[in-house]
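Reading the structure
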Amino acid sequence: MSERGRLITIEGVDGTGKTTLATGLQGALSHAGARVRLMREPGGVEASEAVRSLVKDPDLTVGARTEALLYAAARAQLVEEALEPALADGEWVLLDRFVDSSLAYQGAGRGLGIEAVRELNSFATVGLVPDRTLLLTLDPASAQARTDARGEAPDRLEQEGTEFFRRIADAYVELAAAEPQRFRVLDAALPPEQVLDQALAALADLLPR
């Protein structure tokens, strides 16, 4: 029987470089001998990708509670269909967003309450907790500038104002402070190669020896 894999989640507001870091980590961890799978949220499996299209559609009206429920539903399907089987088979999963995103975005950003959203997601994930969470921190204005520089039309959440993202950034800092054994805070203002070095150092104790 394979040793259980590791679940590594990457968190932060849009524009902090989560996708760039995830790609770099995938290569580095594979080189270190881990079997690595890269996934994103919401998404990763067909049903969850369909939910992704819904929650990001700027032409749809989606209430805050509906939004939280949709994210939890997508997450539940991802855990059952892909995450748990991969971890049970000994794979490392690099996951671009997980429960902490809902705590920050819907719990704090939408004002639904972190504990209420946490309870909903505990049910959705059957209590699955990451082995390590890498939080990319960057001033929300700088993160917004990076997002704008992509030249892509903003999705439904990206259309929100600065105060919304300030609440999210503050919530992330509080979540990390409450669970220092799980979170590692990375400076996303650094060049990508230095952010990757930070991340690898933050995962060193979990790597196969």
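See the structure printed just above.
Below is a short write-up of the structure. (Residues numbered from 1 in each chain as written. Predicted model: local features only at pLDDT ≥ 70, side-chain atom pairs only at ≥ 80, totals over all residues. Heavy atoms only, no water.)

**A short note on the packing of helix α2 (residues 46-56) against helix α3 (residues 64-88)**
Interaxial distance between α2 and α3 falls to 8 Å at its minimum, and their mutual angle equals 160°. The pairing of α2 with α3 is recorded here as roughly antiparallel in orientation. For the pair α2 and α3, the crossing hand works out as left-handed. On the side of α2, the interface is formed by Ala47, Ser48, Val51, Leu54 and Val55, while α3 contributes Leu70, Tyr71, Ala74, Gln77 and Leu78. Counted by class, the contact of α2 with α3 contains 8 nonpolar, 2 polar and no charged residues. (Axes fitted to C-alpha atoms, helices over the stretch in contact; angles between N-to-C directions. Helix = DSSP H or I, 4+ residues; strand = E, 2+ residues; numbered from the N terminus. Parallel < 35°, antiparallel > 145°, perpendicular 65-115°, else oblique. Left-handed = near helix turned anticlockwise from the far one by under 90°. Contact = heavy atoms within 4.5 Å. Nonpolar A, V, L, I, M, F, W, Y, C, P; charged D, E, K, R; others polar.)

**Remarks on the layout of surface pockets**
By volume, the largest pocket amounts to about 650 Å³. Residue lining of the largest pocket: 32 residues in total, with Asp14, Lys18, Arg52, Lys56 and Arg97 positioned closest to the centre. Those elements that place two or more of their residues in the lining of the largest pocket are α1 (18-31), β2 (36-40), α2, α3 and α4 (99-109). When residues of the lining of the largest pocket are assigned to their parent elements, the largest contribution, 5 residues, is made by α1. (1 Å grid on protein atoms, 1.4 Å probe; cavity = no way out; pocket = protein on both sides within 12 Å on 5 of 7 lines; lining within 4 Å. Points joined across faces, edges and corners; volume = space filled by probe spheres on them.)

**Things to note about the packing of aromatic side chains**
The tally for this structure, following the rule as stated, stands at 3 aromatic pairs. Taken together, a centroid distance of 6.5 Å and an interplanar angle of 80° make the contact between tyrosine 105 and phenylalanine 165 edge-to-face. Of this pair, tyrosine 105 sits in helix α4 while phenylalanine 165 sits in helix α7 (residues 162-178), and the two are 60 residues apart along the sequence. Among the residues examined, phenylalanine 165 registers a relative accessible area of 8% and is labelled buried. (Phe/Tyr/Trp six-rings, centres within 6.5 Å; stacked < 30°, edge-to-face > 60°. Buried < 20%, exposed > 50% of the residue type's maximum accessible area, 1.4 Å probe, protein only.)

**Concerning empty space enclosed by the protein**
As enumerated under the stated definition, the model contains 1 cavity of 30 Å³ or more in all. There is about 60 Å³ of room inside the largest cavity. As for the largest cavity, its lining consists of Val13, Asp14, Pro140, Ala143, Gln144, Thr147, Glu158 and Phe165. The biggest single contributor to the lining of the largest cavity is helix α6 (residues 140-149), with 4 residues.

**What about the packing of α4 against helix α5 (residues 114-125)?**
Where α4 contacts α5, the two axes come as close as 9 Å, and the packing angle between them is 145°. Note on packing geometry: the crossing formed by α4 with α5 is right-handed. Taken together, the residues of α5 that come into contact with α4 (itself represented by Val99, Ser102, Leu103, Gln106, Gly107 and Ala108) are Ile114, Val117, Arg118, Asn121 and Thr125. Along the lines of polarity and charge, the residues of the contact of α4 with α5 split into 5 nonpolar, 5 polar and 1 charged.

Keep in mind these numbers describe shape, not what the thing actually does.
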